[in-house]
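Fold and contact review
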Amino acid sequence: QVRLVESGGGLVQPGGSLKLSCAISGSIFSASAMGWYRQAPEKQRELVAIITSGDTKNYADSVKGRFTISTDNAKNTLFLHMNSLKPEDTAVYFCSAKLRIRAYQRDTDYWGQGTQVTVSS
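Below you will find a few notes about this structure. Residue numbers run consecutively from 1 along every chain, following the written order of its sequence. A pLDDT threshold of at least 70 governs which residues receive local features in this predicted model, and a stricter bar of 80 or more applies before side-chain atom pairs are shown or counted, although totals over entire chains, interfaces and linings include all residues. Side-chain figures throughout are based on the complete set of non-hydrogen atoms in the structure, without hydrogens or water.

Describing the sheet that holds strand β7 (residues 67-71)
Each strand in a sheet pairs with its neighbour through backbone hydrogen bonds, running either in the same direction (parallel) or in the opposite one (antiparallel). When DSSP locates at least two bridges between a pair of strands, those strands are taken to pair. Each helix is a run of H or I in the DSSP string that is no shorter than four residues. Each strand is a run of E no shorter than two, and both are numbered from the N terminus. Spatial ordering of the open sheet is given by β1-β3-β8-β7, a layout of four strands whose pairing is antiparallel. With partners counted over all chains shown, the strands left at the sheet margins are β1 (3-7) and β7, one partner each. When strand polarity is set aside, the average angle formed by the axes of neighbouring strands in this sheet is 15 degrees. Pairing between strand β3 (residues 18-25) and strand β8 (residues 77-82): six bridges, direction antiparallel. Residue Ser21 lies in a different strand from β8, and its bridge partner there is Phe79. Note on method: axes are straight lines fitted to C-alpha atoms, helices fitted across the in-contact stretch only, with angles between N-to-C directions ranging 0 to 180 degrees.

Pasting the structure below:
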């Protein structure tokens, strides 16, 4: 069974840094894209950053220049390096991956359970 498990959230002061990790476990055939989303209270979930299987990276305008998305060499761990954090970055951060479990199956979106990031003095 495929699972995505986030870690690394917490409380940080404005201007500080955090590194989020998302471990992907289980047997898969391929991953076409992986990304980070966030949802603040009373707001819709929004895309933060995405990385494709070809290592193309895209970021929300609000985090460009501050956040960096990456994976390990095996592409079974996804990272989000967050610098110069602002109070408006406070949200639950979710990782997501578009995975194909078997070669003959279609891609399916998988989600982690989320990790809280709070930026406050």
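Observations regarding the pairing of β3
Bridge count for β1 against β3 is five bridges, and the pairing is antiparallel. Bridge assignment links Leu4 to a residue of β3, and that residue is Ile24.

Side note on empty space enclosed by the protein
A 1.4 Å probe that fits but cannot get out identifies a cavity on a 1 Å grid over protein atoms alone, an open set with protein on both sides within 12 Å along at least five of seven lines counts as a pocket, and a residue lines either if it has an atom within 4 Å of a point. Grid points are joined across faces, edges and corners, and a volume is the space filled by probe spheres set on the points. Evaluated as defined, the whole model comprises one cavity of 30 Å³ or more. There is about 50 Å³ of room inside the largest cavity. Residue assignment for the lining of the largest cavity shows that the elements contributing at least two residues are β4 (30-39) and β5 (46-52). For the lining of the largest cavity, the leading source of residues is β4, giving four residues. Under the scheme applied, nonpolar residues are Ala, Val, Leu, Ile, Met, Phe, Trp, Tyr, Cys and Pro; charged residues are Asp, Glu, Lys and Arg; polar residues are all the others, including Gly. Per-class residue counts for the lining of the largest cavity are four nonpolar, four polar and two charged.

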